[in-house]
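# Summary of the model geometry
Each chain is listed here by its residues.
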Amino acid sequence: ETGVTQSPTHLIKTRGQQVTLRCSSQSGHNTVSWYQQALGQGPQFIFQYYREEENGRGNFPPRFSGLQFPNYSSELNVNALELDDSALYLCASGTGQETQYFGPGTRLLVL
Amino acid sequence: AQSVTQPDIHITVSEGASLELRCNYSYGATPYLFWYVQSPGQGLQLLLKYFSGDTLVQGIKGFEAEFKRSQSSFNLRKPSVHWSDAAEYFCAVATAFGNEKLTFGTGTRLTIIP
């Protein structure tokens, strides 16, 4: 139990739609990172937020965006969904000092 | 840019046997190395981490890993596996202390046979 929760657990969308995934971090964790894990692959870093500001982005297009809120919750938004966006989306929170703690993920299927 | 290679996609081990999962990294400076485990339908759980100091690190569930700078490796070991160890194992690297932007390998799936 990491204290990081994500919702929903599963989601089905169609190509072109928009989706919002949510993450609730542990109290006191001021960083949140989002990762995309395609089937059979390792997680890939999407971006990180620190104190509500984006603090680094991986190789993902601008249609992937995020928000971090003062109450330790955060969102990942994906616009204009493509079939290749089908994946497990993981959020991870931390304090910027050592390790980060991962949530169980949201599995997104784009049809 | 840093990268992580896990050469073994799938490993099968008998229960009670020893285990070694390989991980090689590519990074120009001192890396910060992690091993995570992922059970089916679950998120990632940290097994152990190396930041500095003793190159043999102990983790949870009886796992250990050894950092070998000369070989750019950080292999995970366990002397005697249990059926509950069946899962996917990921090696990851961060480029700075406190840097939580992890680069992961593609994972090794571990199957345990009775």
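### Details of the overall build of chain B
When its secondary structure is counted, chain B shows zero helices and 12 strands. Listed by position from the N terminus, the elements making up chain B come as β-β-β-β-β-β-β-β-β-β-β-β. The C-alpha atoms of chain B give a radius of gyration of 13 Å, which matches the 13 Å a tight globule of 114 residues would have. Considering only C-alpha atoms, chain B reaches an extent of 40 × 30 × 20 Å along its principal axes. Per-residue burial over chain B gives 45% buried out of 114 residues. At a minimum sequence separation of 6, the contacts of chain B that also span at least 24 residues come to 53%. A total accessible area of about 5,300 Å² is found for chain B, and carbon and sulfur atoms account for 49% of it. Seen as two clouds, the 9 positive and the 9 negative side-chain charges of chain B have centres 4 Å apart.

### As for the state of the cysteines
For the coordinates displayed, the defined rule picks out two disulfides over all chains. Disulfide partner of C23 of chain A: C91 of chain A, at an S-S distance of 1.9 Å. Between C23 of chain A and C91 of chain A, the S-S torsion sits near 65°, and that sign places the bridge as right-handed. Taken together, the residues C23 of chain A in strand β3 (residues 19-24) and C91 of chain A in strand β9 (residues 87-94) connect sequence positions 68 residues apart. Here C23 of chain A matches C91 of chain A in class, with each residue buried. At a sulfur-sulfur separation of 2.0 Å, the disulfide partner of C23 of chain B is C91 of chain B. In this structure the cystine formed by C23 of chain B and C91 of chain B twists about its S-S bond by roughly -65°; its chirality is therefore left-handed. Taken together, the residues span a long stretch of sequence, with C23 of chain B in the loop between β3 (19-21) and β4 (24-26) and C91 of chain B in strand β10 (residues 87-94) at a distance of 68 residues. Overall, the relative accessible area of 0% leaves C91 of chain B in the buried class.

What counts as what
- Residues numbered from 1 in each chain as written.
- Chains lettered and ligands numbered in written order.
- Predicted model: local features only at pLDDT ≥ 70, side-chain atom pairs only at ≥ 80, totals over all residues.
- Heavy atoms only, no water.
- Helix = DSSP H or I, 4+ residues; strand = E, 2+ residues; numbered from the N terminus.
- Rg over C-alpha atoms; globule rule 2.2 N^0.38 Å.
- Buried < 20%, exposed > 50% of the residue type's maximum accessible area, 1.4 Å probe, protein only.
- Contact = heavy atoms within 4.5 Å.
- Areas by Shrake-Rupley, 256 points an atom, 1.4 Å probe, with all protein chains shown as cover.
- Lys, Arg positive; Asp, Glu negative; His and termini not counted.
- Charge placed at Lys NZ, Arg CZ, Asp CG, Glu CD.
- Disulfide = S-S within 2.5 Å.

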